[in-house]
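Structural overview for review
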Amino acid sequence: MSIETKVPTGEDLLAEIERLRKERNAVILAHYYQTADIQDIADFVGDSLELSRKAADTDADVIAFCGVKFMADTAKILSPEKTVILPDMDAGCSLEDSCPPEKFRAFREAHPDHIALTYINCSTEVKALSDIIVTSSSAETILQQIPKDQPIIFGPDRHLGGWLNRKFDRDMLLWPGVCIVHEAFNETELLKLKEQHPGAPIAAHPECPPTILDHADHVGSTSSILKYARDFEGDTLIVATEPHIIHQMEKALPEKNFIGAPGADGNCACNICPYMALNTMEKLYVALRDLEPRIEIDEDIRLKAKRSLDRMLEMASGTVGRGDIGKVEIEEVPGGDVPSGD
């Protein structure tokens, strides 16, 4: 999107965003992978699904979702009466891109005896073609409720699906998608970093490939990693997920040291999500000013997609809706090891 001239800067930009937030009766949501300045101005910081649910519970007329498009789409699915804006409509997701609806439909038709257990990192159309949506934490609870003799398609993340297969001795048929951020972590570089910090545990997101997960002391969703950051013994933690999550750790736990796992050559910034990076404070201002770009979803597709989300919420009521820290300290995160979100 283009930004017109005369966009304020500095303190004036912050003041204008605050003015528009009140004027529009807007709630600003920021995913953990957003830059620190966006996280700090947000009303809620967290995982994609939990942010959408928090926004639905507010009396806001406008949801400004600083994340990627499938997250803003999910907010619209759950709050159709609200105006949902995304600072940059090009903020996509490699997992969503890897699973075009028409190909997913054909894949389902080729395996009619399978149910589709689908990761939330997908398009609204794919959600509408799915039986149950899962997050990286709720997937465990939901999978254990499905009989082992029931064939399952899992997509679009093959690493998350493979980790679930190994952990629960399942044989789900995996869609071959990957997250370009988590795929970028390098085992050799990770082991070099571990040698430099021999006592430091590794916390990894299950979207990482097995070569990374095999070395992890904790595997879990973003919120689960945040909880682990609070609870682990020691003062240094190696974090194998998008590094902007470290901002929340450092704010809540300044006495600890958090190190992002390295990318392919140990120096590249390839573990920073390029899609999340498209959102900026300036684009957030313009989106609040113009109420554009705006998320619009066909009502029939929305209802079908909501059905698969509702099934997840029913099956995973004990794991979904917990773990988002928002503006509070990590110490206040509710207990449990399976908080919400991707």
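Throughout what follows, the structure given in this document is the object of discussion. Being a predicted model, the structure only gives us computed values, none of them experimental.

Parameters at a glance
Residues numbered from 1 in each chain as written. Predicted model: local features only at pLDDT ≥ 70, side-chain atom pairs only at ≥ 80, totals over all residues. Heavy atoms only, no water. Helix = DSSP H or I, 4+ residues; strand = E, 2+ residues; numbered from the N terminus. Contact = heavy atoms within 4.5 Å. Areas by Shrake-Rupley, 256 points an atom, 1.4 Å probe, with all protein chains shown as cover. Buried < 20%, exposed > 50% of the residue type's maximum accessible area, 1.4 Å probe, protein only. Pairing = 2+ DSSP bridges. Right-handed = clockwise from strand over helix to strand, strands pointing away. Axes fitted to C-alpha atoms, helices over the stretch in contact; angles between N-to-C directions. Left-handed = near helix turned anticlockwise from the far one by under 90°. Phe/Tyr/Trp six-rings, centres within 6.5 Å; stacked < 30°, edge-to-face > 60°. Core = buried A, V, L, I, M, F, W, Y, C linked by side-chain atoms within 4.5 Å.

Structural notes on the overall build of the protein chain
In terms of helices and strands, the protein chain carries 16 helices and 12 strands. In the protein chain, 65% of the contacts between residues at least 6 apart in sequence involve partners at least 24 apart. In the structure as shown, the protein chain presents an accessible area of about 13500 Å², 48% of it carried by carbon and sulfur atoms.

Observations concerning the environment of Leu 278
By secondary structure assignment, the location of Leu 278 is in the loop between strand 12 (257-260) and helix 15 (281-290). The spacing of Leu 278 and Ala 91 is 187 residues in sequence and 6.0 Å in space, taken between C-alpha atoms. Each residue touching Leu 278, except ones within four places of it in the same chain, is listed here: Asp 88, Asp 90, Ala 91 and Lys 283.

Topic: the pairing of strand 7 (residues 152-155)
Side-chain alternation along strand 7 places Ile 152 and Phe 154 on one buried face and Ile 153 and Gly 155 on a second face that is also buried. Relative to strand 8 (residues 173-174), strand 7 runs parallel, the two sharing two bridges. Residue pairing for strand 8: Phe 154 is matched across the bridge by Leu 174. You can see the chain leave strand 7, run along helix 9 (residues 158-168) and come back into strand 8, and the turn it takes is right-handed.

Some points on the packing of helix 3 (residues 48-56) against helix 4 (residues 69-78)
Close contact between helix 3 and helix 4 brings their axes to 9 Å; oriented N to C, the two are set at 35°. In this structure, the crossing between helix 3 and helix 4 has a hand that is right-handed. Mapping the contact onto sequence places Ser 48, Leu 49, Ser 52, Arg 53 and Ala 56 in helix 3 and Phe 70, Met 71, Thr 74, Ala 75 and Leu 78 in helix 4.

Looking at the packing of aromatic side chains
Applying the stated criterion to the full structure yields three aromatic pairs. With a centroid separation of 5.9 Å and 65° between ring planes, the pair formed by Phe 104 and Trp 175 is classed as edge-to-face. Remark: Trp 175 occurs in the loop between strand 8 and helix 10 (180-183) and Phe 104 occurs in helix 6 (residues 101-110); sequence separation between them is 71 residues. Across this residue pair, the class does not change: Phe 104 and Trp 175 are buried. Pairing Phe 107 with Trp 175 gives two aromatic rings, centres 5.2 Å apart and planes at 85°, and the pair type is edge-to-face. Taken together, the residues span a long stretch of sequence, with Phe 107 in helix 6 and Trp 175 in the loop between strand 8 and helix 10 at a distance of 68 residues.

Focus: the sheet that holds strand 10 (residues 218-219)
Read from one edge of the open sheet, four strands run 10-9-11-12, paired in parallel fashion. In this open sheet, the two edge strands, each paired with only one partner strand, are strand 10 and strand 12.

Quick look at helix 13 (residues 222-231)
Across the 10 residues of helix 13, eight count as buried, placing the element largely inside the fold. Inspection of helix 13 places Thr 222, Ser 223, Ser 224, Ile 225, Leu 226, Lys 227, Tyr 228 and Ala 229 among the buried residues, and these make up the whole buried set. Of the surrounding elements, those touching the buried residues of helix 13 are strand 9 (202-204), strand 10, strand 11 (236-240), helix 14 (246-252) and strand 12.

Describing the pairing of strand 11
The buried fraction of strand 11 is high, at five of five residues. Burial of strand 11 is two-sided: the residues Thr 236, Ile 238 and Ala 240 facing one way and the residues Leu 237 and Val 239 facing the other way are all buried. In terms of strand pairing, strand 9 meets strand 11 through three bridges, oriented parallel. Looking at the pairing, Ala 204 lines up with Ala 240 of strand 11. Direction of pairing for strand 11 relative to strand 12: parallel, over a ladder of four bridges. In the strand pairing of strand 12, Thr 236 is matched with Asn 257. Tracing the backbone out of strand 11, into helix 14 and back to the parallel element strand 12 gives a crossover that is right-handed.

Comments concerning the environment of Arg 158
On the secondary structure map, Arg 158 appears in helix 9. Look at Arg 158 and you get partly exposed, because its relative accessible area is 35%. Between the C-alpha atom of Arg 158 and that of Leu 173, which follows or precedes it by 15 residues, the distance is 9.1 Å. Not counting chain neighbours up to four residues away, the residues in contact with Arg 158 comprise Leu 174, Trp 175, Pro 176, Gly 177, Val 178 and Glu 183.

Side note on the nonpolar core
Inside soluble globular proteins, nonpolar side chains tend to come together where they are buried. Ranked by internal contacts, the top residues of the largest apolar core, which has 111 residues, are Ile 17, Leu 117, Leu 164, Met 249 and Leu 288. Leaving out residues up to four positions away in the same chain, Leu 288 has contacts with Ile 17, Leu 20, Arg 24, Ala 26, Ile 28, Ala 64 and Ile 85.

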